[in-house]
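Given next are the chains, with one letter for each unit.
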Amino acid sequence: MRYKGKVYRPPSEAYSLIVQVTYGCSHNTCAFCDMYDDKHFAIRPMEEVREDFEMARRVYKKVERVFLADGDALIRKASELYTILDTIRELFPECERVTSYASPSSIRLRTDEELQTLRAKGLTMVYMGLESGSDKVLTLMRKGHPAAEIIEMGQKVRRSGMALSVTAITGLGGPELLEEHAVKTAEAFNAMNPEYIGMLTLMVEPGTPLYDWVHDGSFRLLDQHQVLKETELLVSHFDSPGSVFRMNHASNYLDLRGTLNQDQDALLAAIHKMFRGKRGGQLGIGILVGLMDISTANNTVAIVMAGPIAKEIATEYGISPKRSASLLDTFSCVFQGIIPYGAQMLVAISACTTLGFAVSAFEIIPLLFYPMLLCLSSLLFILFDKK
């Protein structure tokens, strides 16, 4: 197959034949996106499109799925889209579904009759990016459409009989718009009631305006706990019966799958489990490095030995690298200061002996107020911290 520039497809199109019928994205100004920064938007010549399909027919014995790339295939003239779909039906009679990306602008260009004809000719589903249901977030991220328009276009697709898959992005409003982003995004999904709902987690790509905002401090990213909180708010406000919900993209911190509304309680339970698990994970890191220190009597060595396992625990339970490092440092100091054979304890005993006092480690331990208070404050911080 012949491709121009980077090619993207939804995760569910991993086994689809991908043919570019347009190049790039017709909007291509979203502040968070770098997907098509290597090319200008263009309509691919019809003869080249036909040639690619003919090439694929010679190469592949069976093609059951076709994805029409790039970012906005639906923006082509309706007559050209009809021809493309007829070509697919002619060359691949075994093909069971044809899909493409669609933008609010390209959907608005299509009349209801044209969408119905596209569906009749085999275009079974389109993927549309909502990104957020908050107009504040959409404006900030230069989406180019208010939420009401995106919702209207989603409903238009649904009326045509075509399946609709809609995605949004966790963290797109930052901490300041966390609640509004979550609630209004859920409300937008509810209004469209698409067949599929997909949630991604915000990833900052170099070369985008968002990348510059993050680095100059004008935009703050959510930490893992805030991502969980936003996800909980989103899921708790869902009312979209029958929508298949997926939060299993490679960018996602938490893997969630279910069908709304029937699995809503199970989805929330999974989120709440992660909230509880994070505290346990932090305690686990503290105990881990403490046991290492008991074994080695050297807090530096204990941190080095516990580090790889602590990293795995932190990744699993959404503990930030800074907090994980702090836990390793703090708890290694606690245990190092208390163990009766640690360097600090031996120095203290030696100093007392030099001064003429016979003191054992077990007489000193009850008076070690600093490491005990350090341990107590760390435990309280883990148990009651809301961040």
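Going along each chain's sequence as written, the residues are numbered from 1 onward. The predicted origin of the model limits local features to residues at a pLDDT of at least 70 and limits the giving and counting of side-chain atom pairs to 80 or more, whereas totals for whole chains, interfaces and linings rest on all residues. As a rule here, side-chain values come from all non-hydrogen atoms in the structure, and water together with hydrogens is ignored.

Trainee: Can you break down the environment of Leu109 residue by residue, with the values?
Mentor: Counting from the N terminus, the helices are DSSP H or I runs at least four residues long and the strands are E runs at least two residues long. Inspection of the secondary structure assignment puts Leu109 in helix 3 (residues 104-109). Note: C-alpha distance between Leu109 and Ala78 (31 residues apart in sequence) is 9.2 Å. The criterion used for residue contact is that any of the two residues' heavy atoms lie within 4.5 Å. Discounting chain neighbours no more than four positions away, the residues touching Leu109 are Ile75 and Glu114.

Trainee: Before we move on, can you summarise the pattern of salt bridges with the specific residues and values?
Mentor: For side chains of opposite charge, pairing can occur when their charged atoms come near one another. Criterion for a salt bridge: a side-chain nitrogen of Lys or Arg within 4 Å of a carboxyl oxygen of Asp or Glu. Tallied over the entire structure, the rule returns 23 salt bridges. Put simply, Arg44 and Asp52 hold a salt bridge, and the shortest N to O gap is 3.0 Å. An identical accessibility class is assigned to Arg44 and Asp52; each is buried. Where Glu176 meets Arg220, a salt bridge forms, and the shortest distance between an N and an O atom there is 2.8 Å. Of the two residues, Glu176 is situated in the loop between strand 7 (163-170) and helix 7 (178-192) and Arg220 in the loop between helix 8 (209-216) and helix 9 (224-236); the sequence distance between them amounts to 44 residues. Between buried and exposed lies partly exposed: a residue is buried under 20% and exposed over 50% of the maximum accessible area for its type, with that area taken using a 1.4 Å probe on protein chains only. You can call Arg220 partly exposed: its relative accessible area is 46%.

Trainee: Before we move on, could you go through the environment of Ala182 and cite the residues and values that matter?
Mentor: Tracing the sequence through the fold places Ala182 in helix 7. Sequence separation of Ala182 and Gly207 is 25 residues, and the distance between their C-alpha atoms is 27 Å. Not counting residues within four places of it along the chain, the set of residues in contact with Ala182 comprises Glu230, Leu233 and Leu234.

Trainee: Which residues make up the sheet that holds strand 10 (residues 256-259), and what are the values?
Mentor: Criterion used throughout: strands pair if DSSP finds at least two bridges between them. Strand order in the open sheet formed by eight strands is 1-4-5-6-7-8-9-10, and the pairing between neighbours is mixed. In this open sheet, the two edge strands, each paired with only one partner strand, are strand 1 (17-20) and strand 10. Across the sheet, the axes of successive neighbouring strands diverge by a mean angle of 20°, strand direction being ignored. One ladder, built from four bridges, connects strand 9 (residues 244-247) with strand 10; its direction is antiparallel. Looking at the pairing, Phe245 lines up with Gly258 of strand 10. Only the contacting stretch of a helix is used when fitting its axis, a line to C-alpha atoms as for every element, and angles between N-to-C directions run 0 to 180 degrees.

Trainee: Which residues make up a nonpolar patch on the surface, and what are the values?
Mentor: Among the surface-exposed residues, Leu367, Phe369, Leu373, Leu376, Leu380, Leu383 and Phe384 lie close enough to one another that they form a single nonpolar patch of about 750 Å² accessible area. As for its placement among the helices and strands, Leu373 is situated in helix 15 (residues 369-384). Candidate patch residues must exceed 30% relative accessible area and have no salt bridge, after which like charges are joined if within 9 Å and Val, Leu, Ile, Met, Phe, Trp or Tyr side chains if within 5 Å. Only the protein chains shown count as cover for residues, and all accessible areas are computed by the Shrake-Rupley method using a 1.4 Å probe.

Trainee: Tell me about the side chain of Thr170, residues and numbers included.
Mentor: Note on placement: Thr170 falls in strand 7. Dropping the residues within four chain positions of it, Thr170 is found in contact with His181, Met199, Leu200, Thr201, Leu202, Val227, Glu230, Thr231 and Met247.

Trainee: Please set out the pairing of strand 4 (residues 65-69) residue by residue, giving values where relevant.
Mentor: Counting buried positions along strand 4 yields four of five residues, so the element is predominantly enclosed. Where strand 4 and strand 5 (residues 97-101) come together, four bridges link them in parallel fashion. Bridge pairing in strand 5 links Phe67 to Thr99. Throughout, right-handed denotes a crossover for which the path from the first strand over the helix to the second runs clockwise when the strands point away from the viewer. The handedness of the strand 4 to strand 5 crossover, carried by helix 2 (residues 78-91), is right-handed.

Trainee: Go over the confidence of the model for the protein, please, and point to the residues and values.
Mentor: Each residue carries a pLDDT score, the predictor's confidence in it, ranging from 0 to 100. Mean pLDDT over the protein works out to 91, with 98% of the residues at or above the 70 mark. Per-element mean pLDDT across the protein ranges from 82 in helix 10 (residues 264-296) up to 98 in helix 5 (residues 135-140).

Trainee: Describe the pairing of strand 9, listing the residues and the values that go with them.
Mentor: Bridge count between strand 8 (residues 196-201) and strand 9: three bridges; the pairing is parallel. Residue pairing for strand 9: Tyr196 is matched across the bridge by Val244.

Trainee: Please set out the packing of aromatic side chains residue by residue, giving values where relevant.
Mentor: Centre distance within 6.5 Å is the pairing criterion for rings of Phe, Tyr and Trp, where only the six-membered ring of Trp is used; planes under 30 degrees apart are then read as stacked, over 60 as edge-to-face, and the remainder as tilted. Here the structure, examined in full by the defined rule, presents seven aromatic pairs. Seen from their ring centres, Tyr8 and Tyr36 are 5.6 Å apart, and the 80° between their planes marks the pair as edge-to-face. Placement of Tyr8 in the segment before strand 1 and of Tyr36 in the loop between strand 2 (22-23) and strand 3 (42-43) is noted, with a sequence separation of 28 residues between them. Residue Tyr8 is classed as partly exposed on the basis of its relative accessible area, which comes to 24%. Put simply, the rings of Phe67, Tyr101 and Tyr127 touch in pairs and so form one group of aromatic residues. Lysine and arginine charges are scored as sitting over a ring when NZ or CZ, respectively, is within 6 Å of the ring centre and within 35 degrees of the ring normal. The ring of Tyr23 is capped by Lys4, whose NZ or CZ atom sits 4.8 Å from the centre of that ring.

Trainee: Describe the nonpolar core, naming the residues involved and giving the relevant values.
Mentor: Grouped together as the largest cluster of nonpolar side chains are 63 residues, with contacts concentrated most on Phe53, Ile88 and Phe245. Element by element, the count of residues in this core is highest for helix 2, at seven residues. Once residues lying within four places of it in the same chain are set aside, the contact partners of Phe53 are Leu17, Val19, Val66, Leu68, Ile84, Thr87, Ile88, Leu91 and Phe92. By nonpolar core is meant a set of buried Ala, Val, Leu, Ile, Met, Phe, Trp, Tyr and Cys residues that side-chain atoms within 4.5 Å join together. Counting residues in each nonpolar core, the second largest holds 14 residues, with Val289, Met292, Ile313 and Leu327 among its members.

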